[in-house]
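Reading the structure
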Amino acid sequence: MHVRALVLVIFAALCGLPVSASQPQQADQLPAPAPYCFNAREVREARQSDARTLAVRLNDESRYRIELADACPDALWSDRPQLVSQHGWICGSNTEYVDLGDRQCAVAGLARIDAREYADHVLRSQRRASGDANVLDRVEVRGQRRRGFAGTTATCVDTRYMRGWRDEGSDIVVEMSPKRSGGNRYYRVELGGQCTEMGSMHHMRLESAIGGNVVCGNAGDRAMFFREDSGASEPFPFQRRINENGLAARFGCSVSRVYPILPEDEARNAGKR
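Quick look at the structure, then. For every chain, the first residue of the written sequence is number 1, and numbering continues from 1 onward in sequence order. It should be noted that, the model being predicted, local features are given only for residues of pLDDT at least 70 and side-chain atom pairs only at 80 or more, the latter also being counted only at that level, while totals for whole chains, interfaces and linings use all residues. The side-chain values count all of the structure's non-hydrogen atoms but skip hydrogen atoms and water molecules.

It is worth spelling out the pattern of salt bridges at this point. Pairing between side chains of opposite charge can happen when the charged atoms of each approach one another. Should a side-chain nitrogen of Lys or Arg be within 4 Å of a carboxyl oxygen of Asp or Glu, the pair is scored as a salt bridge. Within the structure shown, the criterion is met by 17 salt bridges. Measuring nitrogen to oxygen at the nearest pair gives 2.9 Å for the salt bridge that ties R44 to E61. Of this pair, R44 sits in strand β4 (residues 43-50) while E61 sits in the loop between β5 (53-58) and β6 (63-68), and the two are 17 residues apart along the sequence. For every residue, the accessible area obtained with a 1.4 Å probe (protein chains only) is divided by the maximum for its type, and the residue is called buried under 20%, exposed over 50%, and partly exposed between those limits. Here E61 falls in the buried class, since its relative accessible area comes to 12%. Residues E207 and R205 are paired through a salt bridge, measuring 2.9 Å at the closest nitrogen-oxygen approach. E207 gets classed as partly exposed once you look at its relative accessible area, which sits at 29%. Look at the salt bridges and you will find they share partners, linking R44, E45, R47, R57, E61 and R63 into a network. Secondary structure counts use DSSP, requiring at least four H or I residues in a row for a helix and at least two E residues in a row for a strand, with both numbered from the N terminus.

Here is the structure:
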C-alpha cells in the first residue's frame, strides 16, 4: 500500500507567532520539485489579508503569497489550521490545501513577494481582525507582561533602537540596531501625503498612535519633523539625529508602511531598472 507522506504545519492564529510541524522532516530529505517551492517547515509567520489570500514569512526572511482556489474566510482563526502538502514542499499546486477540520481550502497559486507587499498583507490582516473584533467572545488573558519589542520585525520598528535617518524622495530610511531588529539594519518608512518640507529638517521622531515605542504603519502612526532655529548644520553627512528633546514640532506626516530593506529585494529592484 502506498503511503503518502504528509507534512502538517500548524499556522499561528492571529498571525506572527512561531509555526511548527508535526511530522518528520520529509521536505529536508527530498530535493525541491521546482525553484519556486519552499519548505513548509520553514514557515515563521502566517497572515490572511483577505478570504482567498495568505502571506507567509520563512526563517530565512523570504516571503510568499499563497492564493486559495475558493474563498476561505478566517482560515487562521480556526482551532488548528494546518497546511497540508506532499513531502512538505509548497509549490502552489492543486495537491496542497489548508485543513480547517470541518473544511479544506485548496491552494491555487504561489508567488514570492518582497517586504513591501508582505507589509501590506500584515496591515490588511490587522484591519480585518479589528473589524471582526465585535463578533468575538470576550477573552481574559493572565500572565506576565511581555517586555521589549511587541511587534514583528518584519513590518515594525522599535523607536528605542533607531540610530539615524535620511529622506529619500517621499519616504524616509531609518537605521536600526540589527541585534534589536531581527538582523535588519535599514527600514523604509513610507509616508502618506506630501512631506516636501522634511528635507530641511534636522530631527525626526516616529510616534505610535496607540502609544509605546513600536511603529508599524497603523492608522495614526506619524513621523514628526523638527528644525533647529540656529541653522546648525547636520551632525553627520549620511544621517541626522533623532528623538531630540526641547524642540517644537514643525510638522508631521502619516506613516503608511514600514518594512525592512532586504538585500534580495534591492537586487531584484535594481534588475528591473
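The discussion continues.
With that settled, consider the packing of aromatic side chains. Aromatic rings from Phe, Tyr and Trp, with only the six-membered ring used for Trp, were paired whenever their centres fell within 6.5 Å, and each pair was classed as stacked if the ring planes differed by under 30 degrees, edge-to-face if by over 60, and tilted otherwise. Tallied over the full model, the rule gives two aromatic pairs. Aromatic pair F38 and Y64: ring centres 4.6 Å apart, planes at 35 degrees, arrangement tilted. Taken together, the residues span a long stretch of sequence, with F38 in strand β3 (residues 38-39) and Y64 in strand β6 at a distance of 26 residues. Taken individually, F38 and Y64 each receive the classification buried, so the pair is uniform in this respect. The side chain of R63 reaches across the aromatic face of Y118, ending 5.4 Å from its centre. Lying over the aromatic face of Y186, R166 brings its terminal NZ or CZ to 6.0 Å of the ring centre. Working rule: Lys NZ or Arg CZ, within 6 Å of ring centre, within 35 degrees of ring normal, means a charge sits over the ring.

Attention shifts here to the sheet that holds strand β14 (residues 186-191). Think of it this way: DSSP has to see at least two bridges between two strands before they count as a pair. Taken in spatial order, the six strands of this open sheet run β12-β13-β14-β18-β17-β15, and their pairing is antiparallel. Each having just a single partner strand, β12 (162-168) and β15 (203-207) make up the two edges of the open sheet. For this sheet, the mean angle separating the axes of adjacent strands, direction not counted, is 35 degrees. Where β12 and strand β13 (residues 171-176) come together, six bridges link them in antiparallel fashion. Bridge pairing in β13 links M162 to M176. In this analysis an axis means a line fitted to C-alpha atoms, helices contributing only their contacting stretch, and an angle means the value between N-to-C directions, from 0 to 180 degrees.

Attention now moves to the pairing of β4. Most of β4 sits inside the fold, with six of its eight residues counted as buried. Of the strand pairs in this sheet, β4 and β5 are connected by six bridges, and their pairing is antiparallel. Its bridge partner being in β5, Q48 is matched across the sheet by L54. Here β4 folds back onto β5, and the loop between the two strands holds two residues.

Attention now moves to unusual backbone geometry. One non-glycine residue, E61, adopts positive backbone phi at about 75 degrees. In the Ramachandran plot, D74 falls in the positive-phi region, its phi being about 60 degrees despite a non-glycine side chain. Looking at the secondary structure, you find D74 in the loop between β6 and β7 (82-86).

In this description, a disulfide is simply a cysteine sulfur pair whose atoms lie within 2.5 Å. Counted according to the given criterion, the structure contains four disulfides. Between the sulfur atoms of C37 and its disulfide partner C91 the distance amounts to 2.0 Å. Disulfide C37 to C91: torsion about the S-S bond roughly 115 degrees, handedness right-handed. Here C37, found in the loop between α1 (26-29) and β3, pairs with C91, found in the loop between β8 (89-90) and β9 (97-99); they are 54 residues apart in sequence, far enough to count as distant. For the pair C37 and C91, one class covers both residues: buried. With its disulfide-bonded cysteines labelled consecutively along the sequence, the chain is connected as 1-3, 2-4, 5-7, 6-8.

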